Amino acid sequence: IVRTVATWMAPILCFSAQDVADELGRTTGQPFDVHGQIRDEMQIPGKQMSNPNKRWTDEIRTRRQAILRTLEAFRAEGHKSLQAKITVRPSATERPHWVWNLPHLVELTVVSVIELSDDDAAGATEITVSAAPGPECPRCWRRTGVGSGSRHDPDLCVRCAAVVEGMGS
């Protein structure tokens, strides 16, 4: 039943469906690719489909899971994920992949900041979590630096100030 419900909700609530699939895989020990399931169900007979989820499955998902595993101890201490600053020290071979996916990972892990260190790790990629400095934005709750000078609210972060200004209010 859980697999069916996750598959039904995946086109609309894609991140929630992925969280359900991840948890189901952890509890049962059987991986469940909910978005692959949808692709299989939408297969047009006689037509070969490309893999639109390749970047998700090969690039983003594994890095997101590595960050979330490290973030769990921070959250267990009573912090919220938006209070976190993630520092990644990738191996030389992994660095281009982290750079390419960094903007997506900030959103998909729901943290304030992800920074790549300038030096490469000698072995496997190292991920550390610390408290993000500064006050939080009253609109998005991220700690990315507030006081951008928005005419609507001077305490907004740069990203939220741009959104509010763009709304023309």
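On a predicted model such as this, the values are computed, not experimentally measured, just so you know.

**Student:** With reference to specific residues and values, describe the overall build of the protein chain.
**Tutor:** In terms of helices and strands, the protein chain carries six helices and three strands. In sequence order, the secondary structure elements of the protein chain are arranged as α-α-α-α-β-α-β-β-α. The buried share of the protein chain, reckoned over its 169 residues, is 35%. For the protein chain, restricting intrachain contacts to residue pairs at least 6 apart in sequence, the fraction spanning at least 24 positions comes to 59%. By element, 57% of the accessible surface of the protein chain is carried by carbon and sulfur atoms, the whole surface being about 10300 Å².

**Student:** Tell me about the pairing of strand β2 (residues 113-116), and please be specific about residues and values.
**Tutor:** Burial along β2 is one-sided: the residues I114 and L116 are buried and none of V113 and E115 is. Where strand β1 (residues 84-89) lies against β2, four bridges are found, and the strand directions are parallel. Across the sheet, the residue bridging to V88 is L116, located in β2. Since β1 and β2 lie parallel, the crossover through helix α5 (residues 95-109) that links them has a hand, and here it is right-handed.

**Student:** Describe the nonpolar core, and please don't skip the residues or the numbers.
**Tutor:** Within the largest apolar cluster, 17 residues are counted, with the highest numbers of intra-cluster contacts made by I67, I86, V88, W98, I114 and I127. When residues of this core are traced back to their parent elements, those giving at least two are α4 (54-76), β1, α5 and β2. Aside from chain neighbours lying at most four places away, what touches I86 is I67, L71, V111, V113, I114, E115, I127, T128 and V129.

**Student:** Tell me about the confidence of the model for the protein chain, and please be specific about residues and values.
**Tutor:** A residue-level look at the protein chain finds 83% of positions with pLDDT of 70 or above and a mean pLDDT of 83. The secondary structure element of the protein chain with the lowest average pLDDT is helix α3 (residues 34-41), at 65, and the one with the highest is β1, at 96.

**Student:** Outline the sheet that holds β2, supporting the account with residue identities and numerical values.
**Tutor:** Taken in spatial order, the three strands make up an open sheet running β2-β1-β3, and their pairing is mixed. Because the sheet does not close on itself, it has two edges, and the strands there are β2 and β3 (126-131). Neighbour-to-neighbour, the strand axes of this sheet turn through a mean angle of 20°, independent of strand direction. In this structure, β1 lies alongside β3, joined through six bridges in antiparallel fashion. Residue K85 lies in a different strand from β3, and its bridge partner there is S130. Sitting on the sheet, α5 is in contact with β1, β2 and β3, with an inclination near 170° to β2.

**Student:** Before we move on, could you go through the side chain of R63 and cite the residues and values that matter?
**Tutor:** Turning to its location among the elements, R63 is positioned in helix α4. Under the relative-accessibility criterion, R63 is labelled buried at 6%. Setting aside its immediate chain neighbours within four residues, R63 contacts D58, E94, H97, W98, N101 and L105.

**Student:** Which residues make up the environment of E72, and what are the values?
**Tutor:** Relative to the helices and strands, E72 is located in helix α4. E72 gets classed as partly exposed once you look at its relative accessible area, which sits at 43%. For the pair E72 and V129, spaced 57 residues apart in the sequence, the C-alpha separation amounts to 9.6 Å.

**Student:** Please set out a nonpolar patch on the surface residue by residue, giving values where relevant.
**Tutor:** Nonpolar side chains collect at one region of the surface, where I1, V5 and W8 lie side by side and expose about 420 Å² of accessible area between them. Examined against the element boundaries, V5 turns out to sit in helix α1 (residues 2-9).

**Student:** An account of the environment of K85 is needed here, citing residue identities and associated values.
**Tutor:** Locating K85 in the fold gives a position in strand β1. Along the sequence, K85 and A132 sit 47 residues apart, while their C-alpha atoms lie 4.6 Å from each other. When near neighbours in sequence (up to four residues on either side) are disregarded, K85 contacts V113, E115, T128, V129, S130, A131, A132 and P133. At 3.4 Å, the side chain of K85 forms a polar contact with the side chain of E115.

Calculation criteria
Residues numbered from 1 in each chain as written. Predicted model: local features only at pLDDT ≥ 70, side-chain atom pairs only at ≥ 80, totals over all residues. Heavy atoms only, no water. Helix = DSSP H or I, 4+ residues; strand = E, 2+ residues; numbered from the N terminus. Buried < 20%, exposed > 50% of the residue type's maximum accessible area, 1.4 Å probe, protein only. Contact = heavy atoms within 4.5 Å. Areas by Shrake-Rupley, 256 points an atom, 1.4 Å probe, with all protein chains shown as cover. Pairing = 2+ DSSP bridges. Right-handed = clockwise from strand over helix to strand, strands pointing away. Core = buried A, V, L, I, M, F, W, Y, C linked by side-chain atoms within 4.5 Å. pLDDT = per-residue confidence, 0-100. Axes fitted to C-alpha atoms, helices over the stretch in contact; angles between N-to-C directions. Patch = residues over 30% accessible without salt bridge, like charges linked within 9 Å, V, L, I, M, F, W, Y side chains within 5 Å. Salt bridge = Lys/Arg side-chain N within 4 Å of Asp/Glu carboxyl O. Polar contact = N/O pair within 3.5 Å; in protein donor to acceptor, adjacent residues only side chain to side chain.

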